[in-house]
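Examining the three-dimensional arrangement
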Amino acid sequence: MAPQRRGAPKAPEGSGAAERRRASSTKSVQAPREVQTKWLRTAVLGASAVLAGLLLWSRLGGDDGITEVLAHRSEILSGRFIEVPCSEDYDSHRRFEGCSPRKCGRGATDAVISRDEARRIRSIAEKGLSLGGSDGGASILDLHSGALSVGKHFVNLYRYFGDKIRTVFSEEDFQLYRDVRWKVQRTIAQAFGISASSLHLTKPTFFSRINSTQARTAHDEYWHAHVDKVTYGSFDYTSLLYLSDYLDDFGGGRFVFVEEGANKTVEPRAGRVSFFTSGSENLHRVEKVHWGTRYAVTIAFTCNPDHGIADPAFT
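These lines cover the structure that appears in this document, whether it is placed above or below. Keep in mind it's a predicted model, so treat the numbers as computed, not measured.

Turning to the pattern of salt bridges, a few remarks are in order. Scanning all chains against the criterion turns up 19 salt bridges. Residue Asp173 is joined to Lys127 by a salt bridge in which the shortest nitrogen-to-oxygen separation is 2.7 Å. Of this pair, Asp173 sits in helix H5 (residues 171–192) while Lys127 sits in helix H2 (residues 115–129), and the two are 46 residues apart along the sequence. Exposure remark for Asp173: the relative accessible area of 11% places this residue in the buried category. Put simply, Glu171 and Arg178 hold a salt bridge, and the shortest N to O gap is 2.6 Å. Here Glu171 falls in the partly exposed class, since its relative accessible area comes to 33%. The exposure class assigned to Arg178 is buried, which follows from its relative accessible area of 18%. By sharing partners, the salt bridges in this structure join Glu68, Arg106, Glu259 and Lys264 into a single network.

It is worth spelling out the packing of aromatic side chains at this point. The full count for this structure, using the stated rule, is 13 aromatic pairs. Centre to centre, the rings of Phe81 and Phe192 are 5.3 Å apart; their planes meet at 80°, and the pair counts as edge-to-face. Separated by 111 residues along the polypeptide, Phe81 in strand S2 (residues 80–84) and Phe192 in helix H5 bring together distant segments of the chain. For Phe192, a relative accessible area of 5% translates into the label buried. Ring centres of Tyr232 and Phe235 lie 4.8 Å apart, and the angle between their planes is 25°; on these two criteria the pair is classed as stacked. Taken together, the aromatic side chains of Phe81, Phe192, Tyr237 and Phe275 make up a single cluster linked through ring pairs. The ring of Phe257 has Arg106 lying over it, and the distance from NZ or CZ to the ring centre is 4.4 Å. The ring of Trp223 is capped by Lys288, whose NZ or CZ atom sits 4.4 Å from the centre of that ring.

All right, on to the state of the cysteines then. The full count for this structure, using the stated rule, is 2 disulfides. Two residues, Cys86 and Cys104, share a disulfide whose sulfurs are 2.0 Å apart. On the S-S bond that ties Cys86 to Cys104, the torsion sits near 105°, and the link is right-handed. Of this pair, Cys86 sits in the loop between S2 and strand S3 (104–109) while Cys104 sits in strand S3; the two residues are 18 residues apart in sequence, bridging distant segments of the chain. A disulfide bridge connects Cys99 with Cys303, and the sulfur atoms are separated by 2.1 Å. In this structure, the disulfide formed by Cys99 and Cys303 twists by about -80° around the S-S bond and is classed as left-handed. Of this pair, Cys99 sits in the loop between S2 and S3 while Cys303 sits in the segment after strand S16 (294–302), and the two are 204 residues apart along the sequence. When sorted by exposure, Cys99 lands in the same class as Cys303, which is buried. If you count the bonded cysteines of the protein from the N-terminus, they pair up as 1-3, 2-4.

Reading the values: the criteria
Residues numbered from 1 in each chain as written. Predicted model: local features only at pLDDT ≥ 70, side-chain atom pairs only at ≥ 80, totals over all residues. Heavy atoms only, no water. Salt bridge = Lys/Arg side-chain N within 4 Å of Asp/Glu carboxyl O. Helix = DSSP H or I, 4+ residues; strand = E, 2+ residues; numbered from the N terminus. Buried < 20%, exposed > 50% of the residue type's maximum accessible area, 1.4 Å probe, protein only. Phe/Tyr/Trp six-rings, centres within 6.5 Å; stacked < 30°, edge-to-face > 60°. Lys NZ or Arg CZ within 6 Å of the ring centre and 35° of its normal. Disulfide = S-S within 2.5 Å.

Given below as structure tokens:
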């Protein structure tokens, strides 16, 4: 008879088998905890990313109403024009055939004023504004009337500073200003199919310097939507020459054409000219500047020679 094999002896309770069962039970408890920890970590990171994105968007000047960029800061535009129906604003003013808007719209170009010219024009603004400056976030320099922001008020820089002005500005500064104005005038005339000689510079035409300082007076509240033809009856065509770069020199401060559900924005770029007919078809505003300093010059034109102003002269 073959010898009988005996089975392996059973391990007594409390041995390694029992310990393995306890280890397995412990792992099954730890697993859900680990999943919960990973989920919580992921949720926190996700929320942080969203918050950071919102803060960045706010810092850069995001605006929920903007749905389309008319002129992006990274583009170099040879010319872009969008025609829009004219409002009735012009009907309540004297019309000048061949000049008063029949074709309305808005445009932007980087091909008229060079970045070097913009830098030199900005230098004029910086020199003039160094004589004063608003206590709030928006300062104005008007070389035509002499208006200069000082504290909470305006002074006439030509009367206030007298002969000192000749040590601040030069004839070359004023000649450059006139040359740039004429280039913008021709650009507007070409875009709207009118004669450049039918346009007349009108007031106010001015430099602006905007930063994030809290407004002190109503003059500092530049961000409200408005219509130029309603605010200034003489305006028929408005233009802006930007003298600093969006997101390099400042955040916020984009120019916004306000349209229901479809706002259009122009992102400033030094040397960029933005222009438009001045009626209600081009309701607009400027976003609040959140950081840095935004420089621009507003150049306005009228068809009515009675509302025209002369170029500034270095005398």
